[in-house]
Amino acid sequence: MTAIDPQSLSDAEKTARKDARQARIFTRINRLDGWFQVLGLSWLTPILKAAAGDNPRAQMKEVWQLLGVPLIAIFAFLIAWGTLAPKVQTSLGAIPGPVQVWEQVGNLHDDHLREQDKAAAFYQRQDERNAKLIAAGKADKVKNRSYTGKPTYYQQIWTSIKTVFFGFLIATVVAVPVGIAAGLSKTANAAVNPLVQIFKPVSPLAWLPIVTMVVSAVYTTNDGMFSKSFLISAITVTLCSLWPTLINTALGVSSIDKDLVSVSKVLKMNTYTKITKLVLPSALPLIFTGLRLSLGVGWMVLIAAEMLAQNPGLGKFVWDEFQNGSSQSLAKIMVAVFTIGIIGFLLDRVMYALQSLFTFTNNR
């Protein structure tokens, strides 16, 4: 009979425990990787894996690809921009470089703070005046007015974000049910397809005058929940952004496995159960692809609509600065360009996060 060395057994146990602990760490890292992908921080995954001891050289190579190369590309772009921009002269002066654009970021922030101070002072004076009227027994003369100063850059950003989400929500409410109907029924698809082919290529600049006239004729109140300019921009976004969602939803529904459809017939599912339990879960990836495309289209359309119709938002800010023609206008326009791009990226990340959340919940 062979005796087992206690020391060897202890080393084996230590190794097994170490391997199990490392496996748990890598499992957690892999779970986090999904969120890193959503947030655009996928380069954190190889760093964590390298720290956990998983082939540091290979992981650092991955970090270089995911983080190092993009940073070098951005740095090279900034150098080229700063070098070439002063050489291009326009009617508003030389194209501003990165330093001048960043200075305008600070100036726009300072303008926002000054406008906030003016608003606070206005409301303070109004409260003091109303308090004196009440003390003098003239409560019937008390008036509360809203501050009507110029909108700040941050307020225009918020206006554009609210508008695009409202228009996108309307587009989603219309496009998803119509897309489901078109995917389930050949008759519905034959009815919807010509309309999609005709209206999908129409520019927002063509829709805007029609929407403006219709809203002005129908929405005649001045004290409604929404302003006319808000509705005009939002409906224009809706008309131009619903098509990607509609098309992808119809494609996703029509691509459902035929065996699943046969099972639904065998189980005698009603229409509601069939859609909620079979159609939507199967078509969800393509539906979210359409939603992401629609939101991106809606954001681009909104800026153009705001510029043309002079409705509040980032588009109007760009047009006003162009019309202003001051020495700082071009730098402010470039600030707006970067803001539009960054917000567009963040909107896409939000939709990707929702897609990951719903897909994960559906697959559980």
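Each remark here, short or long, concerns the structure printed above.
These remarks concern the structure in this document. (Residues numbered from 1 in each chain as written. Predicted model: local features only at pLDDT ≥ 70, side-chain atom pairs only at ≥ 80, totals over all residues. Heavy atoms only, no water.)

## Focus: the overall build of the protein chain
When its secondary structure is counted, the protein chain shows 12 helices and 2 strands. Helices (α) and strands (β) of the protein chain occur, in sequence order from the N terminus, as α-α-α-β-β-α-α-α-α-α-α-α-α-α. Its C-alpha radius of gyration of 29 Å places the protein chain more than 25% over the 21 Å reference for a compact globule of 364 residues. Projected onto its principal axes, the C-alpha positions of the protein chain cover 105 × 60 × 60 Å. Counting only contacts in the protein chain whose residues sit at least 6 apart along the sequence, the fraction spanning at least 24 positions is 67%. In the structure as shown, the protein chain presents an accessible area of about 22600 Å², 65% of it carried by carbon and sulfur atoms. Treating the 35 positive side-chain charges of the protein chain as one cloud and the 22 negative ones as another, the clouds have centres 6 Å apart. (Helix = DSSP H or I, 4+ residues; strand = E, 2+ residues; numbered from the N terminus. Rg over C-alpha atoms; globule rule 2.2 N^0.38 Å. Contact = heavy atoms within 4.5 Å. Areas by Shrake-Rupley, 256 points an atom, 1.4 Å probe, with all protein chains shown as cover. Lys, Arg positive; Asp, Glu negative; His and termini not counted. Charge placed at Lys NZ, Arg CZ, Asp CG, Glu CD.)

## Remarks on helix α2 (residues 44–51)
The complete set of buried residues in α2 reads T45, P46 and A50. Seen along its axis, α2 keeps its buried residues to an arc of 130°; they face one direction. G53, located one to two residues past α2, shows a positive phi value of around 95°. (Buried < 20%, exposed > 50% of the residue type's maximum accessible area, 1.4 Å probe, protein only. Arc of directions from axis to C-beta.)

## Things to note about the pattern of salt bridges
In total, this model carries 4 salt bridges according to the counting rule given. Among the salt bridges present, the one from D348 reaches R292, with a minimum N-O distance of 3.0 Å. Taken together, the residues D348 in helix α12 (residues 329–363) and R292 in helix α10 (residues 271–309) connect sequence positions 56 residues apart. Across the salt bridge formed by K316 and D320, the nearest N and O atoms sit 2.8 Å from each other. Taken together, the residues span about one helical turn, with K316 and D320 both in helix α11 (residues 314–324) at a distance of 4 residues. (Salt bridge = Lys/Arg side-chain N within 4 Å of Asp/Glu carboxyl O.)

## Observations regarding the environment of K162
By secondary structure assignment, the location of K162 is in helix α5 (residues 153–184). Each C-alpha atom of the pair K162 and T289 lies 22 Å from the other, and the pair is 127 residues apart in sequence.

## Some details on the packing of aromatic side chains
A ring pair, where both rings are aromatic, is described by two values, the distance of the centres and the angle of the planes. Counting across every chain of the model gives 8 aromatic pairs. Here the aromatic rings of F77 and W81 are separated by 5.8 Å at their centres, their planes lie at 35°, and the arrangement is tilted. With F77 and W81 both in helix α3 (residues 56–84) and 4 residues apart, the pair spans about one turn of that helix. In this structure W81 comes out as buried when scored by relative accessible area, which is 12%. Aromatic pair W319 and F322: ring centres 5.6 Å apart, planes at 40°, arrangement tilted. Pair noted here: W319 and F322 are both in helix α11, with a separation of 3 residues, about one helical turn. (Phe/Tyr/Trp six-rings, centres within 6.5 Å; stacked < 30°, edge-to-face > 60°.)

## Remarks on unusual backbone geometry
Backbone geometry at Q310 places phi at a positive 60°, although glycine is not the residue there. For Q310, the position within the fold is in the loop between α10 and α11.

Just geometry here; none of it tells us what the structure is for.
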